[in-house]
Amino acid sequence: LITFLVVLSILVFAHELGHFFVARKLGVKAEEFGFGFPPRAWGFYKNKEGKWKHIFGAKEVGDASDTIFSINWFPLGGFVKIKGEDGENETDKDSFAGRKIWQRASILSAGVTMNIILAAILISIGFMLGLPQSLDNLNSAAKISDKKIQVIDTLPESPAAKAEIKAGDIIVSINNREFKNQDELQNFVNENNGLELSYKIKRGPDEIIKKITPITISETGRGGIGVGIIETGVVKYPFFIAIWEGIKSTVFLTWAIIEAFYYLFKNLILGQGVTGDIAGPVGIASLTGQVARMGFIYVLQFTALLSLNLAIINILPFPALDGGRILFLIIEKIRRKAIKQQLENLIHNLGFMLLMVLIVFITYRDIV
């Protein structure tokens, strides 16, 4: 739980920092930038005379010339309160509401951009320290350690599925024989088609033995137990190559997540239902716990993946999300006239309510 709260705080804080930074760069006033969620515990600001002042508690500040920086009682992420973000103070030079469409879009999309940058930084650091990943198509400068043959999928109704082999399981040995690569393992299983084999499987910290008899797999025409396997290892790069590989991996993962969302929405539209791969706050907290027990580098990698997911979800053109607000700016550009602020706020509030209902539904599903 503690790891989950720390990870969530980093992701939300980075997102809000993006909004804050771009707003300030474009001359839009950020009335308050806080770590954690209100009520305010303590803060500091520069008054109209140019002196720094402290403030305790959530009382109103009347003499602030610039941003109030605050520490808040609920230490989850952070928030930024931008002047004019709900359409007020439109005539003020430092108000969000009075800015050009491209400037408002830049401020709204900055949180998403920051989450993508955060993911690239975390993955780059991971490659400097050594990051677990597939060993396909690696840069020649890669240093590989802790090689494993790992299960990524199981066929339904296959011998592996019946033996409860799961994605993520590591095949340590078969009949006490260890293998250098996946081809060697697959050839051994094919040669022993129809014979019971003893698989030593590592699952997390535990090692278990599974007795499985290979059959002829129709998809391949060879003997097997019905698993997809890959070779994985801990991959490490020199400093500058690690940064480049981190950026490349971020682009690849971003596209993979976009593709996953596409198929998710496609299946929903076609009435094929929601897959079991969707998780809400409870599911993510549970996954974070599993990752934390594996070690720091896995937490680093998982945080990067969550940051990319947060970025892509936020840019979706749905009311209350950053993408929904950008959609209203696009409509304003086409119409050459803004939608009434009261109507836009109502639509965003309805969108927020729908999101809360969805989160409650997914959370219930996670608990079950």
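Since this is a predicted model, take the numbers as computed values, not measurements. (Residues numbered from 1 in each chain as written. Predicted model: local features only at pLDDT ≥ 70, side-chain atom pairs only at ≥ 80, totals over all residues. Heavy atoms only, no water.)

1. Describing the overall build of the chain
For step 1, the next point in the chain: If you tally the helices and strands in the chain, you get nine helices and eleven strands.
For step 2, the next point in the chain: By principal-axis analysis of the C-alpha atoms, the chain measures approximately 80 × 45 × 40 Å.
For step 3, the next point in the chain: Expressed as a percentage of its 368 residues, the buried residues of the chain come to 38%.
For step 4, the next point in the chain: Sequence-distant contacts, at least 24 apart, represent 68% of the contacts inside the chain between residues at least 6 apart. (Helix = DSSP H or I, 4+ residues; strand = E, 2+ residues; numbered from the N terminus. Buried < 20%, exposed > 50% of the residue type's maximum accessible area, 1.4 Å probe, protein only. Contact = heavy atoms within 4.5 Å.)

2. Structural notes on the packing of aromatic side chains
Describing an aromatic ring pair means giving the distance of the ring centres and the angle of the ring planes.
For step 1, the next point in the chain: Scanning all chains against the criterion turns up twelve aromatic pairs.
For step 2, the next point in the chain: The interplanar angle of 50° and the centroid separation of 5.5 Å between the aromatic rings of Phe 13 and Phe 33 together place this pair among those described as tilted. Pair noted here: Phe 13 is in helix H1 (residues 2-25) and Phe 33 is in strand S1 (residues 30-46), with a separation of 20 residues, a long-range link.
For step 3, the next point in the chain: Residue Phe 13 is classed as partly exposed on the basis of its relative accessible area of 27%.
For step 4, the next point in the chain: A ring pair is formed by Phe 44 and Phe 69, whose centres lie 5.6 Å apart and whose planes are at 25°; its orientation type is stacked. (Phe/Tyr/Trp six-rings, centres within 6.5 Å; stacked < 30°, edge-to-face > 60°.)

3. Considerations on helix H6 (residues 281-294)
For step 1, the next point in the chain: Across its 14 residues, H6 extends 20 Å between first and last C-alpha, which sits within 8% of the 20 Å expected from 1.5 Å per residue.
For step 2, the next point in the chain: Where H6 is concerned, the buried positions are Gly 283, Thr 288, Gly 289 and Val 291.
For step 3, the next point in the chain: Considering only its buried residues, H6 is in contact with H1, helix H7 (296-314) and helix H9 (341-367).
For step 4, the next point in the chain: Directly beyond the C-terminal end of H6, a positive phi value near 130° is found at Gly 295. (Expected span 1.5 Å × (residues − 1).)

4. Re the pattern of salt bridges
For step 1, the next point in the chain: Within this structure, the stated rule accounts for eleven salt bridges.
For step 2, the next point in the chain: Between Glu 32 and Arg 40 there is a salt bridge, with its nearest N and O atoms 3.2 Å apart. For the pair Glu 32 and Arg 40, a shared accessibility class is recorded, and that class is buried.
For step 3, the next point in the chain: In this structure, the salt-bridge partner of Lys 248 is Glu 245, at a minimum N-O distance of 3.4 Å. With Lys 248 and Glu 245 both in helix H5 (residues 239-269) and three residues apart, the pair spans about one turn of that helix.
For step 4, the next point in the chain: Looking at Glu 245, the relative accessible area reads 7%, which means it is buried.
For step 5, the next point in the chain: Three or more residues are tied together by salt bridges with common partners; here these are Lys 83, Asp 92 and Asp 94. (Salt bridge = Lys/Arg side-chain N within 4 Å of Asp/Glu carboxyl O.)

5. Concerning the environment of Glu 184
For step 1, the next point in the chain: For Glu 184, the position within the fold is in helix H4 (residues 182-191).
For step 2, the next point in the chain: We classify Glu 184 as partly exposed; its relative accessible area is 26%.
For step 3, the next point in the chain: On a C-alpha basis, the gap between Glu 184 and Leu 306 in space is 35 Å, while along the polypeptide they are 122 residues apart.

6. With respect to the pairing of strand S11 (residues 227-236)
For step 1, the next point in the chain: Where strand S4 (residues 131-134) meets S11, four bridges bridge the pair, whose relative direction is antiparallel. When the bridges of S11 are listed, Leu 131 appears paired with Val 235.
For step 2, the next point in the chain: Pairing between strand S5 (residues 143-154) and S11: nine bridges, direction antiparallel. Across the sheet, the residue bridging to Ile 149 is Glu 231, located in S11. (Pairing = 2+ DSSP bridges.)

7. Description of unusual backbone geometry
Comment: phi is negative for the bulk of residues other than glycine, and the bulk of peptide bonds are trans.
For step 1, the next point in the chain: Residue Pro 39 is bonded to the preceding Pro 38 through a cis peptide linkage, with omega at 15°.
For step 2, the next point in the chain: Mapped onto the elements, Pro 39 comes out in strand S1.
For step 3, the next point in the chain: One non-glycine residue, Asn 175, lies in the positive phi region at around 55°.
For step 4, the next point in the chain: Summarising the element assignment, Asn 175 is placed in the loop between strand S6 (170-174) and H4.
For step 5, the next point in the chain: One non-glycine residue with positive phi stands out, namely Asn 176, at about 65°.
For step 6, the next point in the chain: Following the sequence through the fold, Asn 176 ends up in the loop between S6 and H4.

8. Considerations on the packing of helix H2 (residues 101-129) against H5
For step 1, the next point in the chain: It is at 7 Å that the axes of H2 and H5 come closest, and there the two elements cross at 135°. Looking at the two axes, H2 sits oblique to H5. Note that H2 runs across H5; the crossing there is right-handed. Of the residues in H5, those touching H2 at Ile 116, Ala 119, Ala 120, Ile 123, Ser 124, Phe 127 and Met 128 are Phe 239, Ala 242, Ile 243, Glu 245, Gly 246, Ile 247, Ser 249, Thr 250 and Leu 253.
For step 2, the next point in the chain: Residues that form the contact of H2 with H5 fall into these classes: eleven nonpolar, four polar and one charged. (Axes fitted to C-alpha atoms, helices over the stretch in contact; angles between N-to-C directions. Parallel < 35°, antiparallel > 145°, perpendicular 65-115°, else oblique. Left-handed = near helix turned anticlockwise from the far one by under 90°. Nonpolar A, V, L, I, M, F, W, Y, C, P; charged D, E, K, R; others polar.)

9. Quick notes on the nonpolar core
For step 1, the next point in the chain: The biggest cluster of nonpolar side chains holds 26 residues, and the ones touching the most others in it are Phe 127, Val 235 and Tyr 237.
For step 2, the next point in the chain: The element contributing the most residues to this core is H7, with eight residues.
For step 3, the next point in the chain: Beyond its immediate sequence surroundings of up to four residues, Val 235 is in contact with Phe 127, Gly 130, Leu 131, Gln 133, Leu 135, Leu 138, Ala 142 and Lys 143.
For step 4, the next point in the chain: Ranked by size, the runner-up nonpolar core spans 17 residues in total, among them Ala 160, Ile 165, Leu 185 and Ile 229. (Core = buried A, V, L, I, M, F, W, Y, C linked by side-chain atoms within 4.5 Å.)

10. Quick word on the packing of H1 against H7
For step 1, the next point in the chain: Between H1 and H7, the least distance of the axes is 10 Å, while the angle of their chain directions is 45°. As the angle between them shows, H1 and H7 are arranged oblique. Two packed elements cross with a definite hand, and for H1 against H7 that hand is right-handed. Residues Thr 3, Val 7, Leu 11 and His 15 of H1 pack against Val 299, Thr 303, Leu 306, Ser 307, Leu 310 and Asn 314 of H7.

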